[in-house]
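Listed below are the residues making up each chain.
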Amino acid sequence: MTTHHTPGSPGRSGSRAPAPARAPARAPARPPGRTATAALVALAAAAALNACGTDGAPDRPLATAPAPATPVPDEAWRGAWAASPQPPGPDNWSTDGFADQTLRQSVRVTTGGSTLRIELTHRYGTRPLRIAGATVARTAGGGAVRPGSARQVTFGHGAPTVTVPPGGSVRTDAAVFPVTAFETVTVTLRLAEPTGPATIHRFAAATGRRADGDRLADTRASAFTDAGDSWYLLSGIEVAGGRDGARRDGLVTFGDSITDGVGSTRDANRRYPDALAERLAAAGRPRAVLNHGISGNKVVRDNGPHGAPAVDRFARDVLTEPGVTTVLVLAGINDIGGPGTPEAPEVTVDELVEGHRALIREARAKGLRIVGATLTPIKASVFDTPENEAQRDAFNHWVRTSGAYDAYVDFDRALADPADPDLMRPAFDSGDHLHPSDAGYRAMAEAVDPDIL
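Every value quoted in this text rests on a predicted model; they were computed, and no experiment measured them. (Residues numbered from 1 in each chain as written. Predicted model: local features only at pLDDT ≥ 70, side-chain atom pairs only at ≥ 80, totals over all residues. Heavy atoms only, no water.)

Asker: So what exactly am I meant to see when it comes to the overall build of the chain here?
Answerer: Counting secondary structure elements, the chain contains 9 helices and 24 strands. Taken over 453 residues, the chain has a buried fraction of 57%. Within the chain, contacts between residues separated by at least 24 positions form 82% of all contacts whose residues are at least 6 apart in sequence. For the chain, the exposed area adds up to about 17,100 Å²; of that, 54% sits on carbon and sulfur atoms. (Helix = DSSP H or I, 4+ residues; strand = E, 2+ residues; numbered from the N terminus. Buried < 20%, exposed > 50% of the residue type's maximum accessible area, 1.4 Å probe, protein only. Contact = heavy atoms within 4.5 Å. Areas by Shrake-Rupley, 256 points an atom, 1.4 Å probe, with all protein chains shown as cover.)

Asker: When you look at the pairing of strand 24 (residues 420-424) in this model, what are you seeing that I'm missing?
Answerer: Note on strand geometry: in a regular strand, side chains alternate between the two faces of the sheet. Where strand 23 (residues 416-417) lies against strand 24, 2 bridges are found, and the strand directions are antiparallel. Within strand 24, the position partnered with Asp417 by the bridge is Asp420. Where strand 23 folds back onto strand 24 in an antiparallel hairpin, the turn is made up of 2 residues. (Pairing = 2+ DSSP bridges.)

Asker: I tried to follow the packing of aromatic side chains on my own but got confused; where do I start?
Answerer: Any pair of aromatic rings gets described here by the distance separating the centres and the angle formed by the planes. Tallying each qualifying case throughout the model produces 8 aromatic pairs. Both rings, one in Phe98 and one in Tyr232, keep their centres 5.4 Å apart while their planes meet at 85°; by these two values the pair is edge-to-face. Note that Phe98 is positioned in the loop between strand 2 (78-82) and strand 3 (101-108) and Tyr232 in strand 16 (residues 231-232), a separation of 134 residues in sequence. Under the relative-accessibility criterion, Phe98 is labelled buried at 2%. On the basis of relative accessible area, Tyr232 is assigned to the buried category, the value being 1%. Taken together, the ring pairs connect Trp93, Phe98 and Tyr232 into an aromatic cluster. Positioned above the aromatic ring of Phe177 is the side chain of Arg138, whose terminal nitrogen or guanidinium carbon lies 4.2 Å from the ring centre. (Phe/Tyr/Trp six-rings, centres within 6.5 Å; stacked < 30°, edge-to-face > 60°. Lys NZ or Arg CZ within 6 Å of the ring centre and 35° of its normal.)

Asker: Help me understand the side chain of Asp317 in this model?
Answerer: You can see Asp317 is positioned in helix 4 (residues 310-317). When its relative accessible area of 1% is taken as the criterion, Asp317 is described as buried.

Asker: Just to check I follow, could you spell out unusual backbone geometry for this structure?
Answerer: What you tend to see is this: most non-glycine residues have negative phi, and most peptide bonds are trans. Positive phi is not limited to glycine here, since His157 has a value of about 70°. With respect to the secondary-structure elements, His157 resides in the loop between strand 8 (151-152) and strand 9 (162-164). Not every positive phi belongs to a glycine, and Leu233 is a case in point at roughly 70°. For Leu233, the location among the structural elements is in the loop between strand 16 and strand 17 (234-240). With relative accessibility at 2%, the residue Leu233 sits in the buried group.

Asker: Help me understand the nonpolar core in this model?
Answerer: The tendency in soluble globular proteins is for nonpolar side chains to be buried side by side. Counting 61 residues, the largest nonpolar core has Phe254, Phe314, Val327, Ile370 and Phe411 as the members making the most contacts within it. Broken down by element, the residue count for this core peaks at 6 residues, all from helix 6 (residues 349-365). (Core = buried A, V, L, I, M, F, W, Y, C linked by side-chain atoms within 4.5 Å.)

Asker: For this particular structure, what's the right way to read the packing of helix 3 (residues 272-282) against helix 9 (residues 438-446)?
Answerer: The interhelical angle for the contact between helix 3 and helix 9, taken along N-to-C directions, is 50°, at an axis separation of 8 Å. Between helix 3 and helix 9, the interaxial angle falls into the category oblique. Note on packing geometry: the crossing formed by helix 3 with helix 9 is right-handed. When helix 3 is examined against helix 9, the residues Tyr272, Ala275, Leu276 and Arg279 are found in contact with a partner set consisting of Tyr441, Arg442, Met444, Ala445 and Glu446. Residue composition of the contact of helix 3 with helix 9, by class: 6 nonpolar, no polar and 3 charged. (Axes fitted to C-alpha atoms, helices over the stretch in contact; angles between N-to-C directions. Parallel < 35°, antiparallel > 145°, perpendicular 65-115°, else oblique. Left-handed = near helix turned anticlockwise from the far one by under 90°. Nonpolar A, V, L, I, M, F, W, Y, C, P; charged D, E, K, R; others polar.)

Limitation: the analysis is restricted to geometry and does not speak to function.
Laid out in structure tokens, this is it:
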């Protein structure tokens, strides 16, 4: 087993409620009669959705009015899926944003519940973002959803629309929408007005789709003719209740492209965090696994469209996740391998170590257990130089021997070629000698000892 405890590791902490900044505001109790009015509004909105056709023809009814959900206290929510926000960038839809379009995106949750809510992000927005309607549905594949499965989701105690200020985020109201672990759900957003540049998660390893006009009620995929490989505006799905409603042992995987899943098969959920969640469930130790990797991300330097450095985004992306007790950090290869500039000079091993120590301090201050990881092989990749290899070896020596983390996973040795330990094993290599293949990501998941999490 290539996972190790380090001396003096503290025990797991208790559960946490999400940070107040991201929690939806609670309205005062409604006066008599207001509930009935809200229900009529929701039903009218659902009827309007159901009146829309697909390709000019009547479609089966899609969205039904949300079933009234019992109020869910903040501490009952658990993260089920996540993606870290990034600024808009080239070669995708984010720079222009959306106008009079419908956006459809499917994601797989790693834990189940009886009630669900969705988080939307406008972290890098430049103008108010108006969501003109939203639904959640059961995925039918290829951009289609199962007829009759969709539910309208609302905002702020029953409103069908919401406006999110630049830099902000919003969670939907709780919706009765039971999901099971490893089920894929589809979120559809109606963006009637120009959004301006849109907050993105650049590498999704999944296909997102958009259509012109109002296609919120479409069950079929034929109108969604544009396809992309990023996530837009969608940053989280949380669940409450259900069989695992009392669990508070979620795991965040935090890092760069190797956590994000670059090199894995698209639309197949074969990133290492996916494989780890499946492995834990198969072993009878299920827990939510949330992926907060960003391809190209660095620990101590800003990397433009690849997101704020890990030391800056850790608090916003990780410490606000509900129901989490442990963080697994694999980060630093971009600091070592990325070229320096006058504005962002090359990072030394000491600077990289200090960045990791900052993450450790933040996690422990929030009562989280934090597990580190060695950096994976780079020989024959674009990062392969004698200087970079020496820095990688020095950093990995620190991870293995310092005892700074509560425990560590030796991903380096898990992926290394026995005949040449600086090289990734060919069976685990996606082809660029830097990012693992599906088999490599499975090997990473197998290298994690569940007992240290």
